[in-house]
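# Coordinates in review
Each chain, letter by letter, is given below.
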Amino acid sequence: MTPDDFGGIYQRWLAGIRQTTDTLENWALVGIKRRGAVLARRLLEDLVGGGGARGPGPAYGELDISLYRDDYHLQTGAPAVLGTEISFAVEGKSIVLVDDVLYTGRTVRAALDLVLDFGRPRRIWLAVLVDRGNRELPIEANFTGEFFETGRNDRVQVRLKEMDDDYDGVDLTSFVETGA
Amino acid sequence: MKWDRKHLLGLEDLSREEIIELLDTAEGFREVSTRSVKKVPALRGRVVVNLFFEPSTRTRTSFELAGARLSADVLNFSGSSSSTSKGETLNDTALNIEAMGVDIVVVRHSCSGAAYQLSQVLECSVINAGDGAHEHPTQALLDIFTIRQRKPELEGLKVAIVGDVSHSRVARSNIWGLQKLGAEVYAVGPSTLVPNGLSRLGVKVSHNLDEVLEEIDVFNMLRIQKERQERGLFPTIREYAKLYGLNGERMKRVKEDALVLHPGPINRGVELTPEVADGSRSVILDQVSNGLAVRMAALYLVGACGPQGGQVEPQRAPGEES
C-alpha cells in the first residue's frame, strides 16, 4: 500500500465520521492505546481544526484495556499497564471510540466495559481504520476506513509515524501454512 | 521488559529493570482509584489470602483494598486467632489454606525467610508483606514510588534512613531498591541501632543526624519501637527524639526541597514533631495512597505468572550467597 492509498482511506474514514460528529454537541473522542489513540489524536486535529465542529469541541481521552482483557489467565506474564486517561465526565456524553484494526472484537468488548466503569454515556460509536473480519464476538463498527478479507494466520499492522514507524500505511502479511 | 516472577519475596533478588517495571505498572494503576467505579476486572475469579502472623492494619488493609480493586476475592487470615496458636506449623497452615484454591498468598511473619519458605512449599504465588528483619518489598516500593513522584531522577539522590536500621525490614528493602536505582543511601542513628557493619551493604553510616542534615534530599524516618529502649539499645525515648528526631529547628537547615517519609505508624514527638509530620515537606499520606497502587501492581504482575501461566523462577533464600 502506498502512502496515497493510506491517505485516501483515512480521508474517507474522516469524512464519514465528520458527518455524524458535526451534528453532536456534548461528545468525546476516545482512542484505544496505543495506535487507536494516535489515530484519535489525528482525528481530533482534523475534525476540530477543519472548522466543521460547532460548540466547544469534543472532549478527548485514551483507554488502556490491559486490565480488561479476557485472556489474563492464558498468558505467561501480564501485559504492560499504560494507564487510562479519561478526565471528563462520561455521564451523558456521546462517545466515538477509535481503534486501528477491528479483528476478533475482544479489544472493543474490553474497551466498552472500561468506558462504562467511568459512567453511563449517552451513546458509543465505533470507528476503526481497518476491519479485517474474523469476529469472535457480535461487534461491528459504525465507521470503517477499509475492509480487508484476511485469514486467521494473516497479520495486519497499521503503521503510523507517531509510533516510530517509517511511514503511514497498512501492512498485510500472509503466512502460508507449510504444514511443517 | 517482561515480568516473569511468580513470587515477590524481596528487592534484593530483583533487577533494576524489574523494580522499574513494578513502579511503572503502579503508575498505571493510580488512575483506577480516581474513577467512579474504582475497580478493574484483571484478577476476577482469583483468590488472594492475607496470611498475617503479626499484627498489621495498614499493610493488610492496603493489600485487601488492592485485591478488591482488581476484582479478586480477598480473605484475611490472622495468625493469632488461628490454628497456629493450637500448634500447627507455618507450612501446614499455608498448605491447608492453599488447598481451598488460592492463587496468591500475601504473608507477614516475624521470622526472616518465612515468605521464601512458603514459596518453596506452595504451588501458588507468594508476596512478602514483611518477614522478620529481612524484607518488606512493597513498603520499600511505595517509598521509592513516592520519592520518584517528586524527584524523578533517582540517580545520585541522597536518601537517609533514620532510626532502627539494624532491626528494620523496611530499611533493608529500601537499601536494596534505592541502590539499584542509583540513589546514595545513608543510614543514620545511634551505633546500637545503626552498626558500622552496615557499610558493607554500600550505605554511608552516620551516628550524627546534624552532621549530614544539610546534604540529604530525602529523609525516611523509621518508627522507633519502645521495646528497643527497654532492651537498653538507647537510653531514653526523649534522648532519641532530641538526637534523631526531625523537628522545626532541623527543618530550617535541610534542603529547600527535601522530603520527609515515614512508614507509619508515627510516634508523634519522637521520630517527627507534629509540625514536621503535617508540614509541607511531609509526603506521608502520599505514601499511603501510593501503597495501594504499588500493591495492585504487585498482585497483578505476580498473579499473571501464577499456576496457569508463568515459569517458576528459582529464588534465593535470605542469606544465601549469590
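Okay, the overall build of chain B next. A tally of helices and strands in chain B yields 12 helices and 9 strands. Considering only C-alpha atoms, chain B reaches an extent of 55 × 45 × 40 Å along its principal axes. If you take every contact in chain B between residues at least 6 apart in sequence, the share linking residues at least 24 apart comes to 75%.

Secondary structure summary: chain A contains 3 helices and 7 strands in total. Walking chain A from its N terminus toward its C terminus, one meets helices and strands in the order α-β-α-β-β-α-β-β-β-β. Oriented by its inertia axes, the alpha-carbon framework of chain A measures out at about 60 × 40 × 30 Å. Residues classed as buried in chain A amount to 34% of the 180 residues present. Put simply, of all contacts in chain A between residues at least 6 apart along the chain, 68% involve residues at least 24 apart.

This part covers the domain arrangement of chain B. Residue and element names in this part refer to chain B. You can read the domains of chain B as domain 1 (16-136 + 287-311) and domain 2 (137-285). Computed from C-alpha atoms alone, the centre-to-centre distance between domain 1 and domain 2 is 26 Å. Listed as interface residues are 23 residues of domain 1 and, on the opposing side, 25 residues of domain 2. Mapped onto the side of domain 1 that touches domain 2, the elements with two or more residues apiece are α1 (16-30), β4 (125-131) and α12 (284-304). Top element by residues in the side of domain 1 that touches domain 2 is α12. It accounts for 8 residues. Within the side of domain 1 that touches domain 2, the residues separate by chemical class into 9 nonpolar, 9 polar and 5 charged.

By a frequent convention, interface size equals the accessible area lost on bringing the separate parts together. Listed per partner, the contact involves 16 residues of chain A and 22 residues of chain B. A per-class count over the side of chain A that touches chain B returns 7 nonpolar, 7 polar and 2 charged.

So, on to the nonpolar core. Residues and elements named next belong to chain B. By size, the foremost hydrophobic cluster in this structure holds 141 residues, and its most contacted members are Val-105 and Leu-299. The greatest single-element share of this core, amounting to 11 residues, is contributed by α12. There are two domains that each give this core at least three residues, and those are domain 1 (16-136 + 287-311) and domain 2 (137-285). Ignoring any residue separated from it by four or fewer positions in sequence, one finds Val-105 in contact with Val-49, Leu-51, Ala-94, Glu-98, Leu-118, Leu-122, Cys-124 and Val-126.

A few words now on the sheet that holds strand β1 (residues 47-52) of chain B. Residues and elements named next belong to chain B. Judged by pairing direction, the sheet is parallel, and its 4 strands sit side by side in the order β2-β1-β3-β4 without closing on themselves. Each having just a single partner strand, β2 (73-78) and β4 make up the two edges of the open sheet. Adjacent strand axes in the sheet meet at a mean angle of 15° when their direction is disregarded. Two elements, β1 and β2, share 6 bridges in a ladder whose sense is parallel. Residue pairing in the sheet places Phe-52 in a bridge with Ser-78 of β2. Against the sheet, helix α4 (residues 114-121) makes contact with β3 (104-109) and β4, and its axis sits at roughly 165° relative to β4, the strand it touches most.

Residues and elements named next belong to chain B. It is at 8 Å that the axes of helix α5 (residues 137-150) and helix α6 (residues 169-180) come closest, and there the two elements cross at 55°. Classed by the angle they form, the pair α5 and α6 counts as oblique. When the axes of α5 and α6 are compared, the crossing they make is right-handed. The segment α5 lies against α6, with Pro-137, Gln-139, Ala-140, Leu-141, Asp-143 and Ile-144 engaging Val-170, Ser-173, Asn-174, Gly-177 and Leu-178.

The subject of this paragraph is the environment of Leu-8 of chain B. All names here are of chain B. Counting through the fold element by element, Leu-8 comes out in the segment before α1. Sequence-wise, Leu-8 and Thr-59 are 51 residues apart; in three dimensions their C-alpha atoms are separated by 15 Å. Apart from the residues lying within four places of it in its own chain, the contact partners of Leu-8 are Ile-127, Asn-128, Pro-137, Ala-298 and Val-302.

Arg-34 of chain A follows Lys-33 of chain A through a cis peptide bond whose omega is 0°. In this fold, Arg-34 of chain A is placed in the loop between β1 (27-32) and α2 (35-49). With an omega of -10°, the peptide bond running from Gly-264 of chain B to Pro-265 of chain B counts as cis. Inspection of the secondary structure assignment puts Pro-265 of chain B in the loop between β9 (259-261) and α11 (274-277). The phi dihedral of Asn-134 of chain A falls on the positive side, at around 60°, and the residue is not glycine. When you line up the elements, Asn-134 of chain A lands in the loop between β4 (123-131) and β5 (143-147). A count of 14 C-beta atoms within 10 Å places Asn-134 of chain A in the partly exposed class. Here Ser-71 of chain B, not a glycine, exhibits a phi torsion of approximately 70°, which is positive. Take Ser-71 of chain B: there are 15 C-beta atoms within 10 Å of it, and that puts it in the partly exposed class.

Two quantities define a packed helix pair, namely the angle between the axes and the distance from one axis to the other. All names here are of chain B. One way to put it is that helix α2 (residues 58-69) packs onto α12 with a least axis distance of 8 Å and a crossing angle of 55°. Put simply, α2 runs oblique to α12. Relative to α12, α2 is oriented so that their crossing is right-handed. For the pair α2 and α12, contact is made by Arg-58, Ser-62, Phe-63, Leu-65, Ala-66, Gly-67 and Arg-69 and by Val-288, Gly-291, Leu-292, Arg-295, Met-296 and Leu-299, respectively.

What counts, and where the lines are drawn
- Residues numbered from 1 in each chain as written.
- Chains lettered and ligands numbered in written order.
- Predicted model: local features only at pLDDT ≥ 70, side-chain atom pairs only at ≥ 80, totals over all residues.
- Helix = DSSP H or I, 4+ residues; strand = E, 2+ residues; numbered from the N terminus.
- Contact = placed C-beta atoms within 7 Å.
- Buried ≥ 20, exposed ≤ 12 C-beta atoms within 10 Å, placed from the backbone.
- Domains from an automatic or database assignment.
- Nonpolar A, V, L, I, M, F, W, Y, C, P; charged D, E, K, R; others polar.
- Core = buried A, V, L, I, M, F, W, Y, C linked by C-beta atoms within 7 Å.
- Pairing = 2+ DSSP bridges.
- Axes fitted to C-alpha atoms, helices over the stretch in contact; angles between N-to-C directions.
- Parallel < 35°, antiparallel > 145°, perpendicular 65-115°, else oblique.
- Left-handed = near helix turned anticlockwise from the far one by under 90°.

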